[in-house]
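# Analysis of the macromolecular model
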Amino acid sequence: MLKRRELKDCEQLYPLLCDPAIFPFVRQKAQSYEEYLFLTKHTLEEEENGNTISRTILDEWNQPIGTISLFDIEGGAGFLGTWIGKPYHGKGYNRLAKDAFFDELFYDLDITTVYMRIRKLNIRSKKAAEKLPYVVNAVETHPSIYEAVNAPFEEPVFDLYMVPKDLYVLHTKRVDRVEVVLAEDRLEA
């Protein structure tokens, strides 16, 4: 489902990125394939420096279909950036990618908070985020971060959401715990 980013994946990813339904909403707006290679190389360097964590999203045939990254990492927190090619929308890849990525961030790495700044006009991404039971609207709870992500604009352009580690762990482990308790009850009966 996820793998470390590699330059060789750019050939398949760049055409997906260029789709008019995707391009306006990505963080790294490459105007050419060569620029996309350069930006990807920079992302890999940022990961080596501990400022970014970036993965390629794969379909069931291990073909690259998008990327998921945590940018601007500072103090155990960073900003999520995810995009999936339009032919793969509505097929469950977004949820699977986020779950796999959050598992890695929260269980294997030292991340405690994932912020998501989502353009107010990006209804698809807002709905996808709001479907996740561990996502919290952070506009009112983190006003300084909300103001910072919208500072360059006259009017707010982004909504702010967050995934705190404790809520993610509670949500993802609660199901496992219930299944264990039910299994134990069946064994005792």
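What you see is a predicted model; the values in this text were computed from it and never measured.

## Points about the overall build of the chain
In terms of helices and strands, the chain carries six helices and seven strands. Put simply, the chain runs from its N terminus to its C terminus through helices and strands in the order β-α-α-β-β-β-α-β-α-β-α-β-α. A compact globule built from 189 residues would reach a C-alpha radius of gyration of about 16 Å, and the chain, at 18 Å, matches this within 12%. Counting only C-alpha atoms, the chain reaches 65 × 40 × 35 Å along its principal axes. When burial is assessed residue by residue, the chain has 39% of its 189 residues classed as buried.

## Here we look at unusual backbone geometry
Although it is not a glycine, Asn-62 adopts a positive phi angle of roughly 60°. Along the chain, the position of Asn-62 falls in the loop between strand S2 (53-58) and strand S3 (64-74). You will see that Asp-72, though not glycine, has its phi angle at about 55°, which is positive.

## Quick look at the pairing of S3
With nine of 11 residues buried, S3 lies mostly within the body of the structure. Here six bridges tie S2 to S3, and the two strands are oriented antiparallel to one another. When the bridges of S3 are listed, Ile-53 appears paired with Leu-70. Adjacent in sequence and paired antiparallel, S2 and S3 are bridged by five residues, among which Asn-62 carries a positive phi angle near 60°. As paired elements, S3 and strand S4 (residues 77-84) share seven bridges and run antiparallel to each other.

## Let's talk about the state of the cysteines
Summed over all chains, the structure comprises zero disulfides. Of all cysteine sulfurs in the structure, the one in Cys-18 sits closest to Cys-10, which takes part in no disulfide; the separation is 11 Å. Overall, Cys-10 belongs to the buried group, its relative accessible area being 1%. By relative accessible area, which is 33% here, Cys-18 ends up partly exposed.

## Some words on a positive patch on the surface
The grouping of Lys-86, Arg-124, Lys-127 and Lys-131 at the surface amounts to a positive patch. As for its position among the elements, Lys-127 is in helix H4 (residues 123-131).

## Details of the nonpolar core
By size, the foremost hydrophobic cluster in this structure holds 25 residues, and its most contacted members are Phe-102, Val-114 and Val-163. Looking at this core, the elements that each hand over two or more residues are S2, S3, S4, helix H3 (93-108), strand S5 (113-119) and strand S7 (158-164). Looking at which element gives the most residues to this core, the answer is H3, with six residues. Excluding residues that lie within four positions of it along the chain, Val-163 makes contacts with Phe-102, Phe-106, Thr-112, Thr-113, Val-114, Met-116, Tyr-134, Val-135 and Tyr-168.

## Points about the side chain of Asn-150
Position of Asn-150 relative to the elements: it lies in helix H5 (residues 143-150). With residues near it in sequence (within four places) discarded, Asn-150 still touches Pro-156, Val-157 and Phe-158.

## With respect to the packing of aromatic side chains
In the structure shown here, the tally under the stated rule is 11 aromatic pairs. Look at Phe-102 and Tyr-134: their rings are 5.7 Å apart centre to centre, the planes differ by 80°, and that puts the pair in the edge-to-face class. Here Phe-102, found in helix H3, pairs with Tyr-134, found in the loop between H4 and strand S6 (136-137); they are 32 residues apart in sequence, far enough to count as distant. Exposure remark for Tyr-134: the relative accessible area of 0% places this residue in the buried category. A connected cluster of aromatic rings, assembled from ring pairs, spans Phe-102, Phe-106, Tyr-107, Tyr-134 and Tyr-168. Geometry around Phe-23 places Lys-29 over its ring, the cationic atom sitting 5.9 Å from the centre. When the ring centre of Phe-79 is taken as origin, the NZ or CZ atom of Arg-117, which lies over that ring, is 5.7 Å away.

The rules behind the values
- Residues numbered from 1 in each chain as written.
- Predicted model: local features only at pLDDT ≥ 70, side-chain atom pairs only at ≥ 80, totals over all residues.
- Heavy atoms only, no water.
- Helix = DSSP H or I, 4+ residues; strand = E, 2+ residues; numbered from the N terminus.
- Rg over C-alpha atoms; globule rule 2.2 N^0.38 Å.
- Buried < 20%, exposed > 50% of the residue type's maximum accessible area, 1.4 Å probe, protein only.
- Pairing = 2+ DSSP bridges.
- Disulfide = S-S within 2.5 Å.
- Patch = residues over 30% accessible without salt bridge, like charges linked within 9 Å, V, L, I, M, F, W, Y side chains within 5 Å.
- Areas by Shrake-Rupley, 256 points an atom, 1.4 Å probe, with all protein chains shown as cover.
- Salt bridge = Lys/Arg side-chain N within 4 Å of Asp/Glu carboxyl O.
- Lys, Arg positive; Asp, Glu negative; His and termini not counted.
- Charge placed at Lys NZ, Arg CZ, Asp CG, Glu CD.
- Core = buried A, V, L, I, M, F, W, Y, C linked by side-chain atoms within 4.5 Å.
- Contact = heavy atoms within 4.5 Å.
- Phe/Tyr/Trp six-rings, centres within 6.5 Å; stacked < 30°, edge-to-face > 60°.
- Lys NZ or Arg CZ within 6 Å of the ring centre and 35° of its normal.

Structural measurements only, silent on function.
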